[in-house]
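Inside the fold
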Amino acid sequence: MHRKIWNGSFDKRPAVIVRCAGVSDVIAAVKFGRASGLPVAVRSGGHSFPGLSVADDALMIDLSPMKGVRVDPERRTARVQAGVLLGELDKETQAFGVAVPSGIVTHTGVAGLTLGGGIGWIMRKHGLSVDQLVSVDLVTAEGEFVKASVDENAELFWGVRGGGGNFGIATEFEFRCVPLGPQVLAGPVFWPMEQSGEVLRFYRDWVAEAPDELMTIVVHRKAPPLPFVPVELHGKSVVMVVCCWAGDLDEGEKFIRPLKEFGSPVADACLPKPYLTHQAMFDPSFVPGRWYYFKSCDVAELSDEIIDITVERSLQISSPLTSFPIWQLGGAVGRVGEDETAFNGRKAGFTYNIGACTETGEGFDEEREWVRSFWSALAPWHEGVYMNFLGDEGADRVRESYGPKKYDRLQALKKRYDPDNFFRINQNISPS
Ligand SMILES: Cc1cc2nc3c(=O)[nH]c(=O)nc-3n(C[C@H](O)[C@H](O)[C@H](O)COP(=O)(O)OP(=O)(O)OC[C@H]3O[C@@H](n4cnc5c(N)ncnc54)[C@H](O)[C@@H]3O)c2cc1C
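In this report, we go over the structure that sits alongside the text. Please read these numbers as outputs of a predicted model, since none were measured by experiment.

On to the sheet that holds strand β5 (residues 77-81), then. Read across the open sheet, the five strands follow the order β4-β5-β9-β7-β8; overall the sheet is antiparallel. Either end of the sheet is taken by a strand with one partner, and the two such strands are β4 (69-72) and β8 (145-149). Here the strands of the sheet are splayed against their neighbours by 15 degrees on average, with no regard to which way each runs. Bridge count for strand β7 (residues 133-139) against strand β9 (residues 169-176) is six bridges, and the pairing is antiparallel. Pairing of V136 across the sheet is with F173, part of β9.

This part is about unusual backbone geometry. The linkage connecting G181 with the following residue, P182, adopts the cis geometry, with an omega of 10 degrees. Within the element layout of this structure, P182 appears in the loop between β10 (178-179) and β11 (183-192). You will see that N421, though not glycine, has its phi angle at about 55 degrees, which is positive. Structurally, the position occupied by N421 is in the segment after α12 (395-417). For N421, a relative accessible area of 13% puts it in the buried group.

Throughout the structure, instances matching the rule amount to 25 aromatic pairs. Ring centres of F202 and F262 lie 4.5 Å apart, and the angle between their planes is 15 degrees; on these two criteria the pair is classed as stacked. Highlighted residues: F202 in helix α6 (residues 196-208) and F262 in the loop between α7 (249-260) and β14 (267-268), separated in sequence by 60 residues. F262 sits in the partly exposed class, given a relative accessible area of 24%. In this structure an aromatic cluster arises from ring pairing among W6, F49, W121, F282, F286, Y292, F294, W327, F343, Y386 and F389.

Across the nine residues of strand β12 (residues 214-222), eight count as buried, placing the element largely inside the fold. Bridge count between β12 and strand β13 (residues 237-245): nine bridges; the pairing is antiparallel. Considered in β13, the bridge of K222 is made with S237. Across five bridges, β12 lies against strand β17 (residues 323-328) in antiparallel orientation. Paired with R221 across the strands is S323, a residue of β17.

Quick look at the site of the ligand now. By nearness alone, 35 residues border the ligand, and S44, S53, I104, I119 and Y386 come closest of all. Measuring from an oxygen atom of the ligand, one finds a backbone N or O atom of S44 at 2.7 Å. I104 has a polar backbone atom sitting 2.8 Å from an oxygen atom of the ligand. Contact with the protein chains hides 96% of the accessible area of the ligand, taken as 940 Å² for the molecule alone.

A few words on the pattern of salt bridges. All told, the structure shown has 29 salt bridges when counted by the stated rule. Between R3 and D11 there is a salt bridge; the shortest N-O distance is 2.7 Å. Residue D131 is joined to R346 by a salt bridge in which the shortest nitrogen-to-oxygen separation is 2.7 Å. Highlighted residues: D131 in the loop between α4 (123-126) and β7 and R346 in the loop between α10 (332-335) and β18 (350-358), separated in sequence by 215 residues. The exposure class of R346 is buried, given its relative accessible area of 1%. Bridged by salt links that share partners, the residues R75, R79, D137, E172 and E174 form one connected network.

Here we come to helix α1 (residues 23-36). Its 14 residues place the ends of α1 20 Å apart at the C-alpha level, agreeing with the 20 Å of an ideal helix rising 1.5 Å per residue. By the burial criterion, the buried members of α1 are V26, A29, V30 and G33. Down the axis of α1, the sector holding all buried residues measures 100 degrees, keeping them to one side. Projecting away from the buried face of α1 at angles above 90 degrees are the exposed residues S24 and A35. Its buried side turned inward, α1 meets β1 (16-19), β2 (40-43), β3 (59-62), β7 and β9. Directly after α1, the chain includes G37, whose backbone phi takes a positive value near 75 degrees.

We now examine the sheet that holds β2. Pairing is parallel in the open sheet, where three strands are placed in the order β1-β3-β2. In this open sheet, the two edge strands, each paired with only one partner strand, are β1 and β2. When the angles between neighbouring strand axes are averaged without regard to direction, this sheet yields 20 degrees. Across the face of the sheet, α1 comes into contact with β1, β2 and β3 while running at roughly 170 degrees to β3.

Bringing the environment of A28 into the picture now. Position of A28 among the secondary structure elements: in helix α1. A28 gets classed as partly exposed once you look at its relative accessible area, which sits at 44%.

Glancing now at the side chain of H278. Among the secondary structure elements, H278 is positioned in helix α8 (residues 275-279). In this structure H278 touches W121, V184, A186, G187, V242, C243, C244 and K273, once residues within four positions along its chain are discounted.

Next up on the list: α6. An ideal rise of 1.5 Å per residue puts 18 Å on 13 residues; α6 measures up with 18 Å between its terminal C-alpha atoms. Residues of α6 that are buried: S196, G197, V199, L200, Y203, W206 and V207.

Reading the values: rules and limits
- Just so you know, the residues in each chain are numbered from 1, in the order the chain's sequence is written.
- A pLDDT threshold of at least 70 governs which residues receive local features in this predicted model, and a stricter bar of 80 or more applies before side-chain atom pairs are shown or counted, although totals over entire chains, interfaces and linings include all residues.
- The basis for every side-chain value is the complete set of non-hydrogen atoms in the structure, without hydrogens or water.
- A pair of strands is considered paired only if DSSP assigns at least 2 bridges between the two.
- Put simply, DSSP H or I for four residues or longer makes a helix, DSSP E for two residues or longer makes a strand, and each gets a number counted from the N terminus.
- Helix axes are fitted only over the stretch in contact, all axes being lines through C-alpha atoms; the angle between N-to-C directions runs from 0 to 180 degrees.
- Buried, partly exposed and exposed residues are distinguished by accessible area as a fraction of the type maximum, computed with a 1.4 Å probe on protein chains only: under 20%, between the cut-offs, and over 50%, respectively.
- Ring pairs are drawn from Phe, Tyr and Trp, using the six-membered ring of Trp, whenever the two centres fall within 6.5 Å, and their geometry is named by plane angle: stacked under 30 degrees, edge-to-face over 60, tilted for the rest.
- Whether a residue is near a molecule or strand depends on its heavy atoms: if one lies within 4 Å, it is near.
- Two N or O atoms form a polar contact when they lie within 3.5 Å of each other; inside protein one atom must be a possible hydrogen donor and the other a possible acceptor, and for residues adjacent in sequence the pair counts only when both atoms belong to side chains.
- All accessible areas in this document rest on Shrake-Rupley with a 1.4 Å probe, and a residue is counted as covered only by the protein chains that are shown.
- In the sections that follow, a salt bridge refers to a side-chain nitrogen of Lys or Arg positioned within 4 Å of a carboxyl oxygen of Asp or Glu.
- Multiplying one less than the number of residues by 1.5 Å gives the expected span of a helix.
- Directions pointing from the helix axis toward each C-beta atom define the arc.
- By definition in these notes, contact holds between two residues if any of their heavy atoms fall within 4.5 Å.

See the structure below:
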């Protein structure tokens, strides 16, 4: 059971699974890994798209039992252990009216998400997860405990804010918390997918003026049978603009009104609701154990050509479970200097996360082909890719996701902290 990860298309059998309850277990596991010579896979939330938290015949270091979260309401910080999931963190922070910027599905791991950057509903207002990171505790490839922050091991701290699990096993994170909620104005507005061209053209002009309080994700899919979707839409192809307004609700109503009045939406579930409810909105679309395949890219803008391709390809979706998000970036994310963290792509306009899903292996190959072909059609406009959205795409794509300058700097750090590439079952930065 512990070898299972979120993406059901991976069925790997590690030789040994070590379930860690604390830092001393992690140190012992790393030392055992070195002594045994087994390849090492590290698992926190188990949500790696390409299944990199488990491997055949490997030592799997499983941090999921490490569930500690401690919010300090006076200092407005949160200490979070590596096995914590986003929903578990949100529950604790919202008890104090604060939040840590994270992602959009509650069962994703804080650790893997943060080590890659962390994009989500409040990033345009409050930045990425790594932009609120104060410090991180790590166990290195030598089994040594180190801390990294702006004042301590600063280069390592730069690298873990986007460089993934290449430099050590993160055992605990300390974040600044931001004030939030408990209510946000959030949820989807729906149109028939045939109208996607007009909706996307309106949308791109409307979001160009959006304040940081607003974050949106556009989703094309067959409408799922969920309580907030009218029954007559179930199974019909729709385009949704999903909003999250993290600020004054009346101002949000005013700004979002033109969207709700554009054309003739077939449903509107964008309403004031608890942040915790909105954070869970996509959970039923990304159920653990189903088969998933993703390919991603950033684009600078939603040009007419990109919109035309998006509409044409979306109308070809056949699986009722396939649901792919287009993320609006910008705001606070783009105001942090590109060199301040290893996370790359702060100036991108939108992220395409073209993903397909089937219940089992049946029909999976066709859906995967649809993803690949859609992604290739966008190739002339690719601007980079978010490392956490990479699949198993090879060393060149990892390098591309950081760009050559950042990659070289990350490589120098890797040489220093993991010259033998002990941590290599990941989006790997090779030491040589
Ligand atoms: C349903 C779903 C929703 C998502 N939503 C978002 C989103 O909203 N925003 C976003 O930014 N990303 C999102 N992602 C991508 C997500 O950030 C990455 O998949 C991330 O790596 C998941 O982290 P994890 O701890 O769950 O995964 P794991 O599979 O446990 O780990 C992922 C990678 O990180 C390494 N790793 C994990 N824990 C540690 C650790 N403690 N120390 C060192 N290395 C470690 C693993 O070895 C592996 O290579 C989503 C993914 C899924 C599947």
